[in-house]
Amino acid sequence: MDQTFTYLTKTRGIDCGIVGEMIKQGKIYQAITYKDGYHFKNCAFVGYDENGKARYCALRAPGKDSKFRQDVENSDKTYGFCMEGRSDRVYEFEAPIDAMSHATLCKLYGMDWQEDHRVAEGCLSDKALACYLKLHPGIREIVFCYDNDMDGRDVKGQPHNHGQVQAERSAAVFEKAGYKVYIQTPQGKDFNEDLMVFRGKMERGRESIAVEEVLQECP
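Residues numbered from 1 in each chain as written. Predicted model: local features only at pLDDT ≥ 70, side-chain atom pairs only at ≥ 80, totals over all residues. Heavy atoms only, no water.

## Focus: the overall build of the chain
In plain terms, the rule: The secondary structure listing takes helices from DSSP runs of H or I that are at least 4 residues long and strands from runs of E that are at least 2 residues long, numbered from the N terminus. With C-alpha atoms as the basis for the radius of gyration, the globule rule is written as 2.2 Å multiplied by the number of residues raised to the power 0.38. Burial classes: relative accessible area under 20% of the type maximum marks a residue as buried, over 50% as exposed, and values in between as partly exposed (1.4 Å probe, protein chains only). Any two residues whose heavy atoms approach within 4.5 Å are treated as being in contact. Per-residue accessibility takes into account occlusion by the displayed protein chains alone, with areas from the Shrake-Rupley method and a 1.4 Å probe. Under the convention used here, Asp and Glu are negative, Lys and Arg are positive, and both His and the chain ends fall outside the count. For this purpose, a charge sits on NZ of Lys, CZ of Arg, CG of Asp or CD of Glu.
Within the chain, the secondary structure is distributed over six helices and nine strands. Relative to its length of 219 residues, the chain is compact, with a C-alpha radius of gyration of 19 Å against a globular reference of 17 Å. Along the three orthogonal principal directions, the C-alpha set of the chain runs to about 70 × 50 × 45 Å. When each of the 219 residues of the chain is scored for burial, the buried share is 44%. Counted over contacts in the chain with a minimum sequence separation of 6, partners at least 24 positions apart contribute 61%. Accessible surface for the chain amounts to roughly 12,500 Å². Of this, 51% is attributable to carbon and sulfur atoms. Distance between charge centres in the chain, computed from 30 positive and 35 negative side chains, equals 3 Å.

This is the structure we're talking about:
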């Protein structure tokens, strides 16, 4: 688990305790793939059905600049990566890393990250959310947290914010179904980018405090 844990906590800035809990629940592990005489280590994010059977698995290379992403063959996106909570609110994301980044931001702000539910689709879809709602009938509020694709383009090359367009469509559908719906848009491209910016500000704040302390000690 060394590369996976380091990638998620150091490169992506996700809280160690949150990553540890997901590993404990069997929702994250380090996969090794053998191909053409080589082996590759990837982060694996797992989704389970109501009987505890793994039905979905997404792989992602644990490298800062790597673009490798792939769903394991026969994965069913109906069962996404989920972080179960206790409240009547669920947050929906495109990717597991964004769900955990959002939970980390909540924890950094002093909130209980395990209070609310989180579901990651692995794409621009509501399949996993719809399934999760059936299994959790007590949920009444949905917060759509899709990416903020500010530089996105449609097939004609026109500006198109894919994530936010989908958020509006999804909100309309589930509002008609009787849910309270909200849209939470990240400041940057996604919530992991927001997390990294926030951590950067925290680090600069610590550096400023350290400099002030040194200056105060000077005669």
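## A look at the side chain of Thr4
By the element assignment, Thr4 lies in helix α1 (residues 2-11). Residue Thr4 is classed as buried on the basis of its relative accessible area, which comes to 0%.

## Considering helix α2 (residues 16-24)
To keep things clear, this is the line we draw: By arc we mean the arc of the directions from the helix axis to the C-beta atoms, nothing more. Residues adjacent in sequence count toward polar contacts only when both atoms are side-chain atoms; beyond that, a polar contact is any pair of N or O atoms within 3.5 Å, and within protein one must be able to donate a hydrogen and the other to accept it.
Within α2, burial applies to Ile18, Val19 and Met22. Projected down its long axis, α2 carries its buried residues within an arc of 100 degrees, all on one side. In this fold, the buried residues of α2 make contact with α1, β1 (28-35), β5 (81-83) and α3 (96-108). For α2, the capping residue at the N-terminal end is Asp15, with a side-chain oxygen 2.8 Å from the backbone nitrogen of Gly17. Positive phi shows up at Gly26, right after α2, with a value of about 75 degrees.

## Description of the packing of α1 against α2
Counted only if it meets this: The angle between two axes is taken between their N-to-C directions and runs from 0 to 180 degrees, where each axis is a line fitted to C-alpha atoms and a helix contributes only its stretch in contact. Each crossing gets its hand from how the near helix is turned against the far one by less than a right angle, where anticlockwise is left-handed and clockwise is right-handed. Each residue is assigned to one class: nonpolar for Ala, Val, Leu, Ile, Met, Phe, Trp, Tyr, Cys and Pro, charged for Asp, Glu, Lys and Arg, and polar for all the others, Gly among them.
Contact geometry for α1 and α2: axes closest at 9 Å, N-to-C directions at 145 degrees. When the axes of α1 and α2 are compared, the crossing they make is right-handed. Of α2, the residues touching α1 (which contributes Phe5, Leu8 and Thr9) are Cys16, Val19, Gly20 and Ile23. Looking at side-chain class alone, the contact of α1 with α2 contains five nonpolar, two polar and no charged residues.

## Considerations on helix α4 (residues 127-135)
Restricting attention to buried positions, one finds in α4 the residues Ala128, Leu129, Cys131, Tyr132 and Leu133. Buried residues belonging to α4 abut β5, β6 (89-93), β7 (117-120), β8 (141-144) and α5 (162-176).

## What to know about the pairing of strand β3 (residues 54-60)
Across a regular strand the side chains alternate sides, sitting on one face of the sheet and then on the other. The line we're drawing: Two strands are said to pair when DSSP picks up at least two bridges between them.
Of all seven residues in β3, five are buried; the element is thus mostly enclosed. When strand β2 (residues 38-48) meets β3, the two strands line up antiparallel, connected through six bridges. In the strand pairing of β3, Phe45 is matched with Ala58. Linking β2 back to β3 in an antiparallel pair, the connection comprises five residues, with Gly52 at a positive phi of about 80 degrees.

## Topic: the sheet that holds β2
A sheet is described by the order of its strands in space; here four strands give the open sequence β1-β2-β3-β4, paired in antiparallel fashion. Each end of this open sheet is capped by a strand with a single partner; those strands are β1 and β4 (69-71). In this sheet, neighbouring strand axes are inclined to one another by 35 degrees on average, regardless of whether the strands run parallel or antiparallel. When β3 meets β4, the two strands line up antiparallel, connected through three bridges. Within the sheet, the bridge partner assigned to Leu59 lies in β4 and is Gln70.

Limitation: the analysis is restricted to geometry and does not speak to function.
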